[in-house]
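Coordinates in review
Below are the chains, spelled out letter by letter.
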Amino acid sequence: MEEWTVNRLTSDEYDSWNQYVRSHPEGSINHTSDWLAAFGNDLYVYTLLDETHRICGGIALVKTKRYGIGGFHGLPYTALIGPLITPSTRTPRGTAHTDDLQMVQRLLTSLPKVGSYDFTVPGTTDMLPYIWNGFQTDVRYHYIAEGTYDEFMGGMAKKKKQNLKQALREVEAGNLIVEPATPENIVEMLCETRDMTGFNVPVETMQKVFRFQPKYDCVKTYAVRDSERHLLAMSYVLYTDTISSGVVSAVSNKYRNSKNFANLIVYHAMIKDALDSGRKYNFSGSVMPGIEGFFRLLGATPYPVYRVQKATNPIWFAMRAFKRFQEERKGFRVVE
């Protein structure tokens, strides 16, 4: 039987975890200590070591407070967070499966007791260790673009493809310009949307995220401007060796119109860069009909992710249950 050791790292040891995340097929910047540090200073970073002292898994979390209750709460702009493991290669298959379950179990049982636990993990995750530890599971979806650029274009809905070709002709003519942008402009544009629609924009949190500068290059920004240099659309992307993830996008209410398709051009640029670099592109999507419909028509593939939650504080559990009741009563209005 395999034996594993769980170690909580000190801050000067975080690099070993971050490098593991960067090369992991399901790792994202959201799993790194650099990302978590944007939300607080109370970090818990654990690595799982095998008998040869090789890292074969781990988890990184930040303890925050909500309504006075300390916990590993869900974080804004954070698509995935939770344990990562390197699947066992032992034979037979049943032995490898048992190893995988035990690795996740070791990580979960090594966490300190807090008022709330809230993880989002890939849909390929075996839920048994979470069930054993009293977690409740909800299904969400992320949309992923993968394969080659030509394959992606081949999967795009006909109308979207026509719109994109029209927009790219405007780029070729110099009427629209695609270039890098600054995070500050995204905040400004989202605040403009908030003022017009009442959409809640947590500006302070966004500024922390956009100041995020890890020790390795992993940030790209995209902007579309018209020929008069007006900003039309922007986006902020984080990437590892294997995947690019959209964090937030913004479209100018002042200058956008149905003819320039600025938002479509931004998404095209992000996806093409990722696929041409051999990475997947994760839209970090939403299940809201209007948003997921846009991703679906672009030809992206839906993949389930699991949101797993557990409350040890009765007040937090009651708040979560009431929110769940509101969601079930309201539901989403799907437009046919």
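Reference entry: report on the structure contained in this document. Because the structure is a prediction, the values reported are computed rather than measured.

Rules and cut-offs
Residues numbered from 1 in each chain as written. Predicted model: local features only at pLDDT ≥ 70, side-chain atom pairs only at ≥ 80, totals over all residues. Heavy atoms only, no water. Buried < 20%, exposed > 50% of the residue type's maximum accessible area, 1.4 Å probe, protein only. Helix = DSSP H or I, 4+ residues; strand = E, 2+ residues; numbered from the N terminus. Pairing = 2+ DSSP bridges. Axes fitted to C-alpha atoms, helices over the stretch in contact; angles between N-to-C directions.

**Quick word on the pairing of strand β11 (residues 231-239)**
Here β11 lies mainly inside the structure; nine of its nine residues are buried. Sheet topology note: the strand β10 (residues 219-226)/β11 ladder contains seven bridges and is antiparallel. What sits directly across from T221, in β11, is Y236. Where β10 folds back on β11, the antiparallel hairpin that results is connected by four residues, among which R229 adopts a positive phi of roughly 75 degrees. Taken together, the seven bridges between β11 and strand β12 (residues 243-251) define a ladder with antiparallel strand orientation. Within β12, the residue paired with Y239 across the bridge is S244. Counting the residues between successive antiparallel strands, the hairpin from β11 to β12 contains three residues.

**Comments concerning the sheet that holds strand β13 (residues 280-282)**
Here we have eight strands laid out as an open sheet, ordered β7-β14-β8-β13-β12-β11-β10-β9, and mixed in their pairing. Across the chains shown, the open sheet's two edge strands, defined by having one partner strand only, are β7 (116-122) and β9 (176-179). Taking each pair of neighbouring strands and ignoring which way they run, the sheet shows an average axis angle of 25 degrees. Here three bridges tie β12 to β13, and the two strands are oriented parallel to one another.

In short, geometric facts, not functional conclusions.
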